[in-house]
Amino acid sequence: SQDYAQVAMTVGATDARVRHHLGARYADTENRNIVDGTEDTRALSDRLSLAYQADIRIGRDLLSLALERETTTFEQRGPVDFGDPNQEQEQDVSSIAAEYFGHVGDEVTWLASARFDDHEHFDDALTGRLSFAWRPTEARTLRAAAGTGHKSPTFIEMFGYFPGQFHSNPQLQPEESTSFELGIEQHVSDDLSLQLTAFRQDLDNEIDGFVFDPQTFEFTAENLAGKSTRKGVEASLRWLVSDAASINASYSYVDATSEDIREVRRPLHSGSVDVDYTFLDGRARIALIADYGGTRTDTFFPPWPQPPETVTLSSHWVVDLAARLQLTRQLALFGRVSNLLDTRYEQVLGYRTQGRAAYIGVRASFGDGASD
């Protein structure tokens with residue numbers, strides 16, 4: 001069972017010099033595993049987040065300051081067998097962040113941000129990002145960015161326990177990354193625009209949550225000793241074929257390696273194409289979306305004592321179709337068919353993805369907002 005609650009409030013008009021944002025989120029999760037009608041293990045977790053942000057206008061620039069506090073509790077109960085799942089854990093994280101969006105003349109905008117995290121179980125972490133956008137002409141924009149990242153292990157990786165399957169590793173360290181990117185956006189004409197971005201990310205202490213422990217014959221999570229690297233290019237195109245039709249296309253090349261070995265489940269090539277068409281004076285719209293996933297590797301674990309094998313999963317195209325018809329100002333009919341061609345493919349070895357599925361619905365609006 002899962003229960004969620006969220007409340008948010010903003011104080012200050014849209015054009016006010018200072019606006020205040022307050023928010024609170026709460027999530028409660030309970031997992032009970034039943035074996036032959038009897039409860040085997042039970043895990044309870046709840047998380048409370050409190051946040052405050054102030055947006056301060058300084059001329060054309062904007063300064064944002066934020067505070068956040070997140071508390072998570074975790075409790076697990078179950079029979080003691082080859083390990084003891086019974087435990088209670090708690091984690092507090094306090095954060096402060098600042099972001100400044102500025103201008104240099106009319107051609108250059110820049111953004112600088114920093115975040116400080118005080119984590120109960122790890123050393124304090126300071127991360128940041130700096131980015132620029134330069135528009136030398138009306139048709140061209142050049143972009144550059146650099147930043148650092150920090151990701152703490154999950155509760156499952158640190159404290160989780162599944163008898164006979166997985167035991168946690170409280171000695172895990174957070175993942176840390178540095179990233180860089182360069183990009184250009186070019187408007188070839190009023191109807192055609194292109195974007196190209198090159199990027200690189202280096203990751204230290206990457207967490208592998210599927211490491212076999214020969215002592216317990218269970219899996220666990222460990223920090224990888226080497227460096228993980230992701231680098232590549234992304235390209236996109238937007239073409240307004242006519243007032244009624246448009247085409248969007250994107251392509252990504254991602255070379256992801258861990259300890260100089262290509263990472264599993266990450267295709268080198270991926271992309272998408274979608275065609276959007278409106279008719280009946282704009283009251284009707286139909287969209288055809290095709291997503292491409294290139295070949296990727298995965299690991300097959302044959303029966304013991306045979307060693308694991310690396311296998312290749314086939315590339316695939318998945319096509320979706322969506323349509324909408326505005327019957328009246330208050331009433332609209334919409335429908336969607338996902339995986340239109342009923343393509344069979346796997347993104348993870350041994351796990352089939354959903355076949356063809358159709359959805360249809362009606363959206364109605366009432367009140368003054370629906371009238372002329």
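Up top you'll find the structure we're talking about.
Every value quoted in this text rests on a predicted model; they were computed, and no experiment measured them.

1. With respect to the overall build of the protein
In terms of helices and strands, the protein carries one helix and 26 strands. Structurally, the protein occupies a C-alpha span of about 70 × 50 × 50 Å along its principal axes. Every one of the 372 residues in the protein was classed for burial, and the buried ones make up 26%. Side-chain charges in the protein split into 34 positive and 58 negative, and the spacing between the mean points of these groups amounts to 8 Å.

2. Points about unusual backbone geometry
Look at Asp36: it is not a glycine, yet its phi comes out positive at around 55°. With respect to the element layout, Asp36 can be found in the loop between β2 (18-35) and β3 (38-58). Residue class for Asp36 comes out exposed when judged on its relative accessible area of 77%. For Asn339, which is not glycine, the phi dihedral falls at a positive 50°. Judged by its relative accessible area of 2%, Asn339 falls in the buried class.

3. Some details on the pairing of strand β18 (residues 269-279)
Pairing of strand β16 (residues 245-258) with β18 involves nine bridges; the strand directions are antiparallel. Along β18, the bridge assignment pairs Tyr251 with Gly271. Summarising the sheet, β18 and strand β19 (residues 284-293) pair through ten bridges and their orientation is antiparallel. Considered in β19, the bridge of Tyr277 is made with Ile286. The turn joining β18 and β19, which pair antiparallel and follow one another in sequence, is formed by four residues; a positive phi near 55° is taken by Leu280.

4. A word on a nonpolar patch on the surface
Taken together, the side chains of Trp134, Leu142, Ile184, Leu196, Val233 and Tyr251 define a hydrophobic patch exposed on the protein surface, amounting to about 490 Å² of accessible area. With respect to the helices and strands, Leu142 occurs in strand β8 (residues 140-151).

5. A closer look at the pairing of β8
Sheet topology places strand β7 (residues 125-137) next to β8; seven bridges connect them, and they run antiparallel. Counted as the bridge partner of Arg129 is Gly147 from β8. Here β8 runs beside strand β11 (residues 175-187); their pairing, made up of twelve bridges, is antiparallel. Pairing of Ala144 across the sheet is with Leu182, part of β11.

6. Some points on the side chain of Ser177
By secondary structure assignment, the location of Ser177 is in strand β11. We classify Ser177 as buried; its relative accessible area is 15%. When residues no more than four places from it in sequence are discounted, the contact partners of Ser177 are Gly147, Thr148, Gly149, Gln201, Asp202 and Leu203.

7. What to know about the environment of Leu22
Structurally, Leu22 is set in strand β2. A residue is classified by how much of its surface remains accessible, and Leu22, at 38% relative accessible area, is partly exposed. Sequence separation between Leu22 and Ser242 is 220 residues; the distance between their C-alpha atoms is 44 Å. Apart from residues no more than four positions distant in its own chain, Leu22 is found in contact with Val7, Ala8, Met9, Ala51 and Tyr52.

8. Here we look at the pattern of salt bridges
Enumeration over the complete set of coordinates arrives at 17 salt bridges. A salt bridge links Glu68 to Arg115, with the nearest nitrogen and oxygen atoms 3.2 Å apart. Remark: Arg115 occurs in strand β6 (residues 108-119) and Glu68 occurs in strand β4 (residues 61-77); sequence separation between them is 47 residues. The exposure class assigned to Arg115 is partly exposed, which follows from its relative accessible area of 32%. With its nearest N and O atoms 3.0 Å apart, the salt bridge here joins Asp117 to Arg115. Judged by relative accessible area, Asp117 falls into the buried class, the value being 12%. In this structure, a network of salt bridges that share partners links the residues Glu206, Arg230, Glu263 and Arg266.

9. A word on the environment of Gly335
Structurally, Gly335 can be placed in strand β23 (residues 331-338). Separated by 329 residues in sequence, Gly335 and Gln6 place their C-alpha atoms 30 Å apart.

10. Side note on the packing of aromatic side chains
One pass over the full model with this rule turns up five aromatic pairs. Aromatic pair Phe212 and Phe219: ring centres 5.5 Å apart, planes at 65°, arrangement edge-to-face. By relative accessible area, which is 41% here, Phe212 ends up partly exposed. When its relative accessible area of 21% is taken as the criterion, Phe219 is described as partly exposed. Three or more aromatic residues joined by ring pairs form one cluster here, namely Phe212, Phe219 and Phe301. The ring of Phe334 carries Arg363 above its face, with NZ or CZ at 4.8 Å from the centroid.

11. Notes on the environment of Glu30
Note that Glu30 resides in strand β2. By relative accessible area, Glu30 is classed as partly exposed at 27%. As for Glu30 and Ser1, which are separated by 29 residues in sequence, their C-alpha atoms are 5.3 Å apart. Discounting residues that sit within four places of it in the chain, Glu30 has contacts with Ser1, Arg42, Ala43 and Leu44.

Rules and cut-offs
Residues numbered from 1 in each chain as written. Predicted model: local features only at pLDDT ≥ 70, side-chain atom pairs only at ≥ 80, totals over all residues. Heavy atoms only, no water. Helix = DSSP H or I, 4+ residues; strand = E, 2+ residues; numbered from the N terminus. Buried < 20%, exposed > 50% of the residue type's maximum accessible area, 1.4 Å probe, protein only. Lys, Arg positive; Asp, Glu negative; His and termini not counted. Charge placed at Lys NZ, Arg CZ, Asp CG, Glu CD. Pairing = 2+ DSSP bridges. Patch = residues over 30% accessible without salt bridge, like charges linked within 9 Å, V, L, I, M, F, W, Y side chains within 5 Å. Areas by Shrake-Rupley, 256 points an atom, 1.4 Å probe, with all protein chains shown as cover. Salt bridge = Lys/Arg side-chain N within 4 Å of Asp/Glu carboxyl O. Contact = heavy atoms within 4.5 Å. Phe/Tyr/Trp six-rings, centres within 6.5 Å; stacked < 30°, edge-to-face > 60°. Lys NZ or Arg CZ within 6 Å of the ring centre and 35° of its normal.

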